[in-house]
Amino acid sequence: MIRAIEFFSGIGAFSQAARNSSVEVIAAFDQSEAANETFALNYQLRPKSKNLDSISEQEIESADIWWMSPPCTPFSVRGKQLDQHDARAKSFLNLIEKIPKKMPQAILIENVAAFQQSQVHAFLRHSLIKCGYHLNEVSMCSTQFGVPMRRRRYFMIASNKPFVLIDPEPIPTSPVSSFLQESLTELILDDQIINKYGDGFDIVSEGDLHGTLICFTKEYARCMKASGTILRMSDNRLRRISPSEILRLLGFQNNFVFPQRIDLPTQWKLVGNSVDVRAIKHLLKQVTSVVDCGEG
Ligand SMILES: C[S@@+](CC[C@H](N)C(=O)[O-])C[C@H]1O[C@@H](n2cnc3c(N)ncnc32)[C@H](O)[C@@H]1O
């Protein structure tokens, strides 16, 4: 098996993508207890609850592949774009510094599109090229996988052997209704919220065959503007899309579960932070052809 480490593991989009493949996730790291509990319930592994700002080389086991989806806030156009000066970039900068000492055969990175214009991106590229890695960089959106949801993200594969990354095959888009499953009353928006924030809603109707949802962010539970689409049900009431439905849109298997103590707002936060599983599968399929087992 090819051994991988999932850094910033969250709810484990990478572990989800690696299921039934030649890749085994041997370690995962995240500082969020809610994320780690959820991860442990769904995979046969408990992530290490570790602040990656200060992880040392000795604390990182040898592996063939590193997956990293660090916090996007330092780069996001929704944030202050403090880039390398943002305290939340420290963990990623620390891991970049560990690469020359560990030299995994391949490193996969995900972030928001704006990351590509950042100083951290320039530092990452410089460091990887200096180590002799070949770089493939690509922007992919969930819509390319037939999903009616915009979630465009930047991905990089750095590998010790060169290869040319091919684009995903175009897939016809499924309607939003094929991803819906919930009728929880907690999802329905009351008149007070609609009157206060309704003008800023992005709304898609349940029966709209060509509707596209906007990207669900970790703010979906509390911010009502541009943080995710609101659904107009067939009886005209408005509701949020549930965390389980967002998981389906992201390509997680239907048997993914949350621990009972994780409330709905926390579930939204966790899924809003996650990654399109199909995009990772697309990258993994190609990179595993140039990775040798057990050389990490
Ligand atoms: C963008 S999310 C990645 C989510 C993940 N890829 C998934 O599939 O859910 C970033 C994750 O990094 C974690 N994180 C942020 N800063 C961290 C740090 N300094 N040390 C460890 N984990 C950190 C957060 O708790 C969050 O789960």
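All values derive from a computational prediction rather than experimental measurement.

## Here we look at the sheet that holds strand β8 (residues 203-205)
Here is step 1: Here three strands make up an open sheet; going across it, the order is β8-β9-β10 and the pairing mixed. Where the open sheet ends on each side, the last strands, each with one partner, are β8 and β10 (238-240). Each strand axis lies, on average, 35 degrees off the axis of its neighbour in the sheet, ignoring direction.

## Overview of the site of the ligand
Here is step 1: Looking at the ligand, there are 20 residues lining it, with I11, D30, L52, S69 and S274 nearest.
Here is step 2: For the ligand, a nitrogen atom lies 3.2 Å from a polar atom in the backbone of Q31.
Here is step 3: In this structure, L52 approaches the ligand through a main-chain N or O atom, which is 2.8 Å from a nitrogen atom.
Here is step 4: Isolated, the ligand exposes 600 Å² of accessible area, and the fraction of that covered by the protein chains is 91%.
Here is step 5: The class makeup of the residues in the shell around the ligand is seven nonpolar, 10 polar and three charged.

## Regarding the domain arrangement of the chain
Here is step 1: Here the domain parsing of the chain yields domain 1 (2-166 + 274-290) and domain 2 (176-271).
Here is step 2: Relative to domain 2, the C-alpha centre of domain 1 lies at a distance of 26 Å.
Here is step 3: Counting from both sides, the interface comprises 29 residues of domain 1 and, opposite them, 32 residues of domain 2.
Here is step 4: Here domain 1 and domain 2 share an interface that buries about 2400 Å² over both sides, 57% of which is from carbon and sulfur atoms.
Here is step 5: Linking R261 and E37 is a salt bridge whose minimum nitrogen-to-oxygen distance equals 2.8 Å.
Here is step 6: At the boundary of domain 1 with domain 2, the tally comes to 13 residue pairs in polar contact (both at pLDDT 80 or more).
Here is step 7: Of all the secondary-structure elements, those providing two or more residues to the side of domain 1 that touches domain 2 are α1 (13-18), α2 (33-42) and α8 (277-287).
Here is step 8: Sorting elements by how many residues they give to the side of domain 1 that touches domain 2 places α2 first, with seven residues.

## Details of the pattern of salt bridges
Here is step 1: In the structure shown here, the tally under the stated rule is 12 salt bridges.
Here is step 2: With a shortest N-O distance of 3.1 Å, E33 and R46 are connected by a salt bridge. Separated by 13 residues along the polypeptide, E33 in helix α2 and R46 in the loop between α2 and β3 (48-49) bring together distant segments of the chain.
Here is step 3: By relative accessible area, which is 38% here, E33 ends up partly exposed.
Here is step 4: Overall, R46 belongs to the partly exposed group, its relative accessible area being 44%.
Here is step 5: In this structure, K50 engages E59 in a salt bridge whose closest nitrogen and oxygen atoms are separated by 3.0 Å.
Here is step 6: Under the relative-accessibility criterion, K50 is labelled partly exposed at 23%.

Each value, and the rule that gives it
Residues numbered from 1 in each chain as written. Predicted model: local features only at pLDDT ≥ 70, side-chain atom pairs only at ≥ 80, totals over all residues. Heavy atoms only, no water. Pairing = 2+ DSSP bridges. Helix = DSSP H or I, 4+ residues; strand = E, 2+ residues; numbered from the N terminus. Axes fitted to C-alpha atoms, helices over the stretch in contact; angles between N-to-C directions. Near = heavy atom within 4 Å. Polar contact = N/O pair within 3.5 Å; in protein donor to acceptor, adjacent residues only side chain to side chain. Areas by Shrake-Rupley, 256 points an atom, 1.4 Å probe, with all protein chains shown as cover. Nonpolar A, V, L, I, M, F, W, Y, C, P; charged D, E, K, R; others polar. Domains from an automatic or database assignment. Contact = heavy atoms within 4.5 Å. Buried area = accessible area lost by both parts, 1.4 Å probe. Salt bridge = Lys/Arg side-chain N within 4 Å of Asp/Glu carboxyl O. Buried < 20%, exposed > 50% of the residue type's maximum accessible area, 1.4 Å probe, protein only.

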